[in-house]
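Per-entry structural report
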Amino acid sequence: MTSPNDFDFDGLRMYVSVDENGTGLFVSIASGFVDFEVRVPLNEKDLQVLQTDSERSAFLQAALHQPFQLRQTALSEIEQRKYLDIILHSSVAEVETFLTTLDHGSANGAISNMLRITRGRNQQTMRSGRWFA
């Protein structure tokens, strides 16, 4: 249940909540037969981008989902901050390089596939390095 300080993302399994612990992005993770949420701390600058840029929001959700599926690959707070800084605040070229590297590496296509599912994007275009519509 969301409060007046919360908001959802259309078609993405994540939401932002503001409470006594600060502002957090809660991402729903599906791992085998278990679903759970992870909380990623946000600052005001992050929140502004998430509220206004649905494309970068979708990129962030897809990029965060894959590493949290396994305990061994879950992101530390430092790594979470890196994902936020690059995906939400870097140039288009830097975001595309970052996502392509992740998608071709340990994600093995999972990031581009998630965007194909949630946003109807052409996976091959993303796999070739062009992530922004």
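It should be noted that the structure appears before, not after, this text.
Quick summary incoming for the structure in this document. (Residues numbered from 1 in each chain as written. Predicted model: local features only at pLDDT ≥ 70, side-chain atom pairs only at ≥ 80, totals over all residues. Heavy atoms only, no water.)

Applying the stated criterion across every chain yields a total of four aromatic pairs. Look at Phe59 and Trp131: their rings are 6.2 Å apart centre to centre, the planes differ by 90°, and that puts the pair in the edge-to-face class. With a gap of 72 residues between them, Phe59 in helix 2 (residues 54-68) and Trp131 in the segment after helix 6 (123-127) connect regions that are remote in the sequence. Comparing Phe59 with Trp131 shows no difference in burial state: the two are buried. Ring centres of Tyr83 and Phe98 lie 5.2 Å apart, and the angle between their planes is 90°; on these two criteria the pair is classed as edge-to-face. (Phe/Tyr/Trp six-rings, centres within 6.5 Å; stacked < 30°, edge-to-face > 60°. Helix = DSSP H or I, 4+ residues; strand = E, 2+ residues; numbered from the N terminus. Buried < 20%, exposed > 50% of the residue type's maximum accessible area, 1.4 Å probe, protein only.)

Mapped onto the elements of the fold, Ser28 is located in strand 3 (residues 22-31). Those residues within four positions of Ser28 in sequence are excluded, and the remaining contacts are Arg13, Phe36, Glu37 and His65. Polar contacts involving the side chain of Ser28 include one to the side chain of Arg13, which spans 2.6 Å. (Contact = heavy atoms within 4.5 Å. Polar contact = N/O pair within 3.5 Å; in protein donor to acceptor, adjacent residues only side chain to side chain.)

Moving on to helix 3 (residues 77-89). Spanning 13 residues, helix 3 covers 17 Å between terminal C-alpha atoms, matching the ideal 18 Å at 1.5 Å per step. Burial in helix 3 covers these residues: Gln80, Tyr83, Leu84, Ile86, Ile87 and Leu88. Buried positions along helix 3 lie against strand 4 (34-41), helix 1 (44-52), helix 2 and helix 4 (92-104). (Expected span 1.5 Å × (residues − 1).)

It is worth spelling out unusual backbone geometry at this point. Positive phi outside glycine occurs at Asn108, with the angle close to 50°. With respect to the secondary-structure elements, Asn108 resides in the loop between helix 4 and helix 5 (110-119).

Between helix 3 and helix 4, the least distance of the axes is 8 Å, while the angle of their chain directions is 130°. Considering their axes alone, helix 3 and helix 4 lie oblique with respect to each other. Contacts between helix 3 and helix 4 involve Lys82, Tyr83, Ile86 and Ile87 from the first element and Glu94, Val95, Phe98, Leu99 and Leu102 from the second. When the residues that make up the contact of helix 3 with helix 4 are grouped by side-chain class, the tally is seven nonpolar, no polar and two charged. (Axes fitted to C-alpha atoms, helices over the stretch in contact; angles between N-to-C directions. Parallel < 35°, antiparallel > 145°, perpendicular 65-115°, else oblique. Nonpolar A, V, L, I, M, F, W, Y, C, P; charged D, E, K, R; others polar.)

Geometric values such as these leave the question of function open.
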